Every structure is written in structure tokens, then in C-alpha cells.
Amino acid sequence: MTGKRCLGLDTSNYTTSVALFDGRDGHQLGRLLDVEAGSLGLRQSDALFQHVKRLPELFDQLRAEGWLEDIAAVGASVKPRWVEGSYMPCFLAGEAVGRALADTLGVPFYPCAHQQGHIAAAAWGAGRPELLDRPLLAWHLSGGTTELLHVVPEGTGVAARKIGGTSDISAGQLIDRTGVALGLAFPAGKALDALSRTGRPTKGFAVKLNGLTFSLSGMENQVKARLEAGEAAADVARFAVATVAGTIRRVTDRALEEYPGLPVLCSGGVASNSLLREALEDAVFAPPACSADNALGVAVLAHRAWTQGGQP
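What counts, and where the lines are drawn
- Residues numbered from 1 in each chain as written.
- Predicted model: local features only at pLDDT ≥ 70, side-chain atom pairs only at ≥ 80, totals over all residues.
- Heavy atoms only, no water.
- Helix = DSSP H or I, 4+ residues; strand = E, 2+ residues; numbered from the N terminus.
- Rg over C-alpha atoms; globule rule 2.2 N^0.38 Å.
- Contact = heavy atoms within 4.5 Å.
- Areas by Shrake-Rupley, 256 points an atom, 1.4 Å probe, with all protein chains shown as cover.
- Lys, Arg positive; Asp, Glu negative; His and termini not counted.
- Charge placed at Lys NZ, Arg CZ, Asp CG, Glu CD.
- Salt bridge = Lys/Arg side-chain N within 4 Å of Asp/Glu carboxyl O.
- Buried < 20%, exposed > 50% of the residue type's maximum accessible area, 1.4 Å probe, protein only.
- Phe/Tyr/Trp six-rings, centres within 6.5 Å; stacked < 30°, edge-to-face > 60°.
- Lys NZ or Arg CZ within 6 Å of the ring centre and 35° of its normal.
- Pairing = 2+ DSSP bridges.
- Axes fitted to C-alpha atoms, helices over the stretch in contact; angles between N-to-C directions.
- Right-handed = clockwise from strand over helix to strand, strands pointing away.
- Polar contact = N/O pair within 3.5 Å; in protein donor to acceptor, adjacent residues only side chain to side chain.
- Disulfide = S-S within 2.5 Å.
- Parallel < 35°, antiparallel > 145°, perpendicular 65-115°, else oblique.
- Left-handed = near helix turned anticlockwise from the far one by under 90°.
- Nonpolar A, V, L, I, M, F, W, Y, C, P; charged D, E, K, R; others polar.

Draft legend 1. Inspection of the overall build of the protein chain at higher detail. The helix and strand tally for the protein chain stands at ten helices and twelve strands. For 312 residues, the compact-globule estimate of 2.2 N^0.38 gives 20 Å, and the C-alpha radius of gyration of the protein chain, at 19 Å, lies within 12% of that figure. Expressed along its principal axes, the backbone C-alpha trace of the protein chain runs to roughly 60 × 45 × 35 Å. For the protein chain, long-range pairs separated by at least 24 residues make up 69% of all intrachain contacts whose partners lie at least 6 apart in sequence. Accessible surface, the protein chain as shown: approximately 13,200 Å² in total, 52% of it carbon and sulfur. The centroid of the 29 positive side-chain charges in the protein chain is displaced by 3 Å from the centroid of its 32 negative side-chain charges.

Draft legend 2. Just the pattern of salt bridges, in detail. Counting across every chain of the model gives 15 salt bridges. As a salt-bridge pair, R99 and E95 come within 3.0 Å of each other at their nearest N and O atoms. In this pair, R99 and E95 are both assigned in helix α2 (residues 91-105), four residues apart and thus about one turn of the helix distant. Using a relative accessible area of 39% as the deciding quantity, one classes R99 as partly exposed. Taking relative accessible area as the criterion, E95 reaches 17% and is therefore assigned buried. Put simply, E231 and R226 hold a salt bridge, and the shortest N to O gap is 3.2 Å. Taking the relative accessible area as the measure of exposure, R226 reaches 26% and is therefore partly exposed.

Draft legend 3. Quick look at the packing of aromatic side chains. Tallied over the full model, the rule gives two aromatic pairs. Considering the side-chain rings of F21 and W124, the 5.5 Å spacing of their centres and the 85° angle between planes classify their relative orientation as edge-to-face. Here W124 lies in helix α3 (residues 114-125) and F21 lies in strand β2 (residues 15-21), a separation of 103 residues in the sequence. Exposure remark for F21: the relative accessible area of 4% places this residue in the buried category. Above the face of the W82 ring, K79 is positioned so that its terminal group lies 4.9 Å from the ring centre.

Draft legend 4. Structural context of the sheet that holds strand β4 (residues 71-79). Spatially, the five strands line up as an open sheet ordered β3-β2-β1-β4-β5, and their pairing is mixed. The strands lining the two open edges of the sheet, one partner per strand, are β3 (26-32) and β5 (109-113). Across this sheet, the average inter-strand angle for adjacent strands is 15°, counted without regard to direction. On the sheet, helix α1 (residues 44-64) packs against β1 (5-11), β2 and β3 and is oriented at approximately 30° with respect to β2.

Draft legend 5. Representation of the pairing of strand β11 (residues 264-267). Residues V264 and C266 of β11 are buried on one face, and the alternating residues L265 and S267, pointing to the opposite face, are buried as well. Across four bridges, the pairing between strand β6 (residues 136-141) and β11 is parallel. Looking at β11, one finds that L137 is bridged to V264. Direction of pairing for β11 relative to strand β12 (residues 284-285): parallel, over a ladder of two bridges. Bridge assignment links L265 to a residue of β12, and that residue is V284. For the crossover that starts at β11, traverses helix α8 (residues 274-279) and ends in the parallel β12, the hand is right-handed.

Draft legend 6. How the structure looks around the side chain of Q116. Mapping Q116 onto the fold places it in helix α3. With a relative accessible area of 8%, Q116 lands in the buried category. In this structure the side chain of Q116 is engaged in a polar contact, spanning 2.7 Å, whose partner is the backbone oxygen of V158.

Draft legend 7. Quick peek at the state of the cysteines. Counted under the stated rule, the structure contains zero disulfides. Here C6 is not cross-linked by a disulfide; its sulfur's nearest cysteine counterpart is in C112, at 12 Å. Free of any disulfide, C90 has its nearest cysteine sulfur in C112, 13 Å distant.

Draft legend 8. Summary view of the packing of helix α5 (residues 189-196) against helix α7 (residues 233-258). α7 packs onto α5 with a crossing angle of 110° between their chain directions and a minimal axis gap of 8 Å. In terms of orientation, α5 and α7 fall into the roughly perpendicular class. The interaxial crossing formed by α5 with α7 has left-handed handedness. Across the interface between the two elements, L192, L195 and S196 from α5 touch A233, A234, A237, R238 and V241 from α7. Here the contact of α5 with α7 is composed, by residue class, of six nonpolar, one polar and one charged.

Draft legend 9. The sheet that holds strand β8 (residues 157-166), seen in detail. Strand order in the open sheet made by the seven strands is β9-β10-β8-β7-β6-β11-β12, with mixed pairing throughout. The open sheet has two free edges, formed respectively by β9 (209-210) and β12, since each of these has just one partner strand.

Rendered as C-alpha cells:
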């Protein structure tokens, strides 16, 4: 890594992450938060507590490795989405540390939304940073969010407007709940993906679409019914994942009828799923490390803002 670095912080509900970006290369560290076995998640107070404990550990590691030099700006995700009313206490940990560091170093602080960071990380990780400078469609697929976004450049960053997605539980929630029901550890995305690859091929369930919106809550009952009927775990896993992948494919096709010619970018932890990547073979995907919750996109947006003298 050469030149001035911008530091990014992201403290999502399940990952503490810090990253540095110099305009060409990126480096990040991240650690999943501890979730009790059999649990379906964390309370915000528990997530916030773990972030407060882990941020100093990550900075100790960065300092020992010589990364905390030539810091030109600091960025942090301060809310889930850049819309009115979007708030989660866990992001206070990264924002507080980021603002304090920026004041101590005498450098600018650039806030962004967690969702904006996902988009930036996916574009950069896929080797397509130019996507941030043009309109596109982007999926944000994670444990808490399944949204189809119309994204346009805004200032030095991006503005994302929701045009579709789930009306109830997210794709990540369905995957995690299916995984826990099958005895897998939470979060279950990676393990369920591997298990599903050994199941019998299926198109999954044809979820009803309402324009670009759909519901996944009924899938939980179908998963439970299949388990109670004694269906093999691998087949149940394949059924759930194939349903998610097929639904995202169908909604994407509909969206492209309304927004023809726009590239499609997939971000968020669920975007690491191999069946989804096969279903959307014409979409842009980043490596899994840049798809899951991470601070790299935050650092990328901070660097764009610093070099262009604006806000992400």
C-alpha cells in the first residue's frame, strides 16, 4: 500500500471491521461477534458491548503491523441506510471511535451508511470501481436486509433508492433460520451454502411477486414442514437456497425491463452464496470478503471524499 491512507470503520450487528484504502489497494480486518449456540441473533446492547471491546484489539493489530501511518481521513458507517429514521445503536461504536480519531489526528471525518459501504466494497472488490460513477441496480442481500436499489452517483459517493425487495423477513434471515433449524451455527450462510450443494437439484418455491416486492415469511413454514416430514437436511437446504436464488433472478429480470441496460451489482453477505451467483451469472459480484459486512467500502468512500474534497 502506497500513499495517503483513509481509515474506515464499520460496526454492524454481527461484525466489527476496520479497513484502510489508499486509492489503489485496500487492507481490512474483521471479526464476527459471538452469538450463543442455537440463538438467532444478538440484542443491540450485546452487539454494541462486543464492538466496544473488539475495536481496540483490531487497532492493536493494525498498529503492530504498521498500518496506522499516513492517515489522511477517517470514515465510519453511522446508520444502516441513508434515509430518515434509519438507526441502530451498534453503529455508535464505530462512529464514536472514528470521530475521536479524526479529531485527534486533525483530519476530516466522513460519515456514510452501512448500505453505501456495501455497494462501494462490492464495486471495488469486483474490480469495477467505475460503477460508482454511473447509474446501476444493486441488491443489498444480508441478514437484515433484502433490498433492490436504484443507485446513482451523488457528490463523491452514491445515493441508493429502494425500488424492490422483501416485504417481511430478509433472505439472510430465511437462510439463517433454516440453518439453525438444521443444527448449523449462526450465522449459517456459509455452512448452509455448502450443505445445499449436496442436496438434490430443485427450482425451489415460486414465490409470488408483487411488482418488484415479495414475501419470504411463508418459506419458514415450508422448511419446517419438510423437516417434520423427514426430508434430508441437504435437500431442505437446497430447497431454501434455490428459492432465494430463483426469486432474486425473477425480480432482477423484471427490474431490467423497467431499467434496461443498467448493470446489476450484488452486495451483502448473502451475495456470497454460490447458487445465487450461478442464477445471476450476468450480474457483478465481489469476492466473499468484499460481500459480507466490512469496512473496506467505508474506507473507499472516505478516500473518494478526501481526494475530491466533499462528503460520501
